[in-house]
Amino acid sequence: MLRAEKMEVKDGLAAIEHFFQKGWTDGLPIVPPTEERIYEMLQSVNMEPDTIVGAIPERGRVFTAEIVAINAVMAGCLPGYFPVVMAAVQAICEPEFGLHGPSASTHGAAIMIAVNGPIVEQIGLNSGANAFGPGNRANATIGRAIRLLMINAGGSPEFDRSTLGTPAKYSFCFAEKKTDWTPLHVQRGFKENDSTVTVFACEGPNQIQNHGSLNSVGILRTMSDRMSALGTMNMASETEMAVVLCPEHYHHLQKEGWSKESVQQFLYENAKRSIRDMKHGGIIDAPIDEGDEYKFKHAIPSPEQILLMVAGGEAGRFSACMPGWFSYKQSKAVTKSIKAATGFT
C-alpha cells in the first residue's frame, strides 16, 4: 500500500503546474506519478513500497522504495531503468560516499553515475557520442531521478549551499564503452558479467583536447596538466578523480601497448604541481622558499584513485576529467552490484 498523499487534479498539465508551485521539480516539467506508474517501478525490482533503501542520517532523511519510485516516474524513467536507479540510491547512501557533505557543500558537486555490464545494452544506455550530453532517455532520466530524489526527499532545498552549482546536477549518468581494457567495475572487484553502478561526487566535466600529439606520452602529459590545474579541489585537498578518455585517445594509447593500469600510473606520477607553483598561484599563501620547485603535490593520492574509463564518440580528440569533492576521506566513489541491490538479473 502506498503511503504518499494522493491528490486529484484536472489533467496532466495541471499536475505539472501543481508540482512547480510546490517546488517539487528541478525546474523542468515532470511526469505525473500515478499509482499505476509507481507500482510498475516497484515491480521491476520486486520491492514493497515501505522497504527502506537508504538514508541521510545527518538530516534524519530516510528513502523508501516508494519515494524512490515516485521520483523515478517524475524523472521520466521507464520501469526497466529502475534497477539502475535503485542501485545508485543504495550506493550514494553508503557511509563512505558521505552523501550529506558533497550535497550540502558550496563546492556544488554533482553525483556522477557510471554504469557497467550487460544492463547497459539491455536498457540502451549511451556510452558513445554525446555520452555526457542530452538525447538519450536512459542516461538523462536515471541521473535526473537521483536529483529529484535529493530535492524531494533528501533535503536539498534546505541543505544545498552550492555557490555556482553545475548543469551536471540535473543529470550526470553514462555508460563505460566496451574496450580491450579492464572495465571499471572489474578493477573495483566485480566480475565482467556483473551489472554495476559507480557513483562519485565530482565537478562537472573538464574537457581535455589534444589533436596534435603523435605519441601517447604527449597525450597523457596534456591530460596530466589539465588534471593538476591550480583552481581545482584536488590541488587544494586529497580527492579521487574520474578521467574519461575519448575513443581516439584510447585507440592511440592501446595501439602503443598502454593498459588502463599503466595510464593510471602515468597520470598519477605526472598530474602534480610544485609547491613553488602553488605558492606563486595563490593556492598556498606563503613566501616561496628555496627548494620549493623540487617539492610536489600530486593531484590524486594514488593511481588506484583515478576512475579511468572510455566513453564518447569515435570522432574528436576530446577527453575529460572530473575532480572529486573536498576529500576522499569524507566522500569516496562507491560501486554497487545491481543484482545485489535489487535482485535484478
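Note that this is a predicted model, so its numbers are computed, not measured.

Calculation rules
- Residues numbered from 1 in each chain as written.
- Predicted model: local features only at pLDDT ≥ 70, side-chain atom pairs only at ≥ 80, totals over all residues.
- Heavy atoms only, no water.
- Pairing = 2+ DSSP bridges.
- Helix = DSSP H or I, 4+ residues; strand = E, 2+ residues; numbered from the N terminus.
- Axes fitted to C-alpha atoms, helices over the stretch in contact; angles between N-to-C directions.
- Contact = heavy atoms within 4.5 Å.
- Salt bridge = Lys/Arg side-chain N within 4 Å of Asp/Glu carboxyl O.
- Buried < 20%, exposed > 50% of the residue type's maximum accessible area, 1.4 Å probe, protein only.
- Polar contact = N/O pair within 3.5 Å; in protein donor to acceptor, adjacent residues only side chain to side chain.

Colleague: Now, about the sheet that holds strand β10 (residues 306-310): what can you tell me, with residues and values included?
Modeller: Pairing is mixed in the open sheet, where four strands are placed in the order β6-β11-β7-β10. Each edge of the sheet is formed by a strand with only one pairing partner; in this case those strands are β6 (206-209) and β10. For this sheet the average axis-to-axis angle between neighbouring strands, irrespective of direction, equals 20°. Pairing of strand β7 (residues 241-245) with β10, which is carried by five bridges, proceeds in the parallel orientation. The partner of Leu245 across the bridge, within β10, is Val310. Packing of helix α13 (residues 260-270) onto the sheet brings it into contact with β7 and β10, and relative to β10 it is tilted by some 130°.

Colleague: Give me the pattern of salt bridges: which residues, what numbers.
Modeller: Inspection of every chain in the model, using the stated rule, returns 13 salt bridges. One salt bridge in this structure joins Lys177 and Glu314, with 3.8 Å as the shortest N-O distance. Here Glu314 lies in the loop between β10 and β11 (318-323) and Lys177 lies in the loop between β4 (173-175) and α9 (184-187), a separation of 137 residues in the sequence. Residue Asp292 is joined to Lys279 by a salt bridge in which the shortest nitrogen-to-oxygen separation is 2.8 Å. Taken as a pair, Asp292 in the loop between α14 (275-280) and β9 (296-298) and Lys279 in helix α14 lie far apart in primary sequence, 13 residues in all. Taken individually, Asp292 and Lys279 each receive the classification buried, so the pair is uniform in this respect.

Colleague: I'd like a rundown of the side chain of His252, residues and numbers included.
Modeller: Take His252: it is sitting in helix α12 (residues 247-255). Aside from chain neighbours lying at most four places away, what touches His252 is Ser213, Leu214, Asn215, Ser216, Ile219 and Arg317.

Colleague: Can you explain the environment of Arg161? Please cite residues and give values.
Modeller: If you trace the backbone, Arg161 turns up in the loop between α8 (156-159) and β4. Residue class for Arg161 comes out partly exposed when judged on its relative accessible area of 49%. Considering only alpha carbons, one finds Arg161 and Gly108, 53 residues apart in sequence, at a separation of 7.3 Å. Apart from residues no more than four positions distant in its own chain, Arg161 is found in contact with Ala104, Ser105 and Thr106. A polar contact is formed between the side chain of Arg161 and the backbone oxygen of Glu158, at a distance of 2.8 Å.

By themselves, these are just geometric observations and shouldn't be taken as functional.
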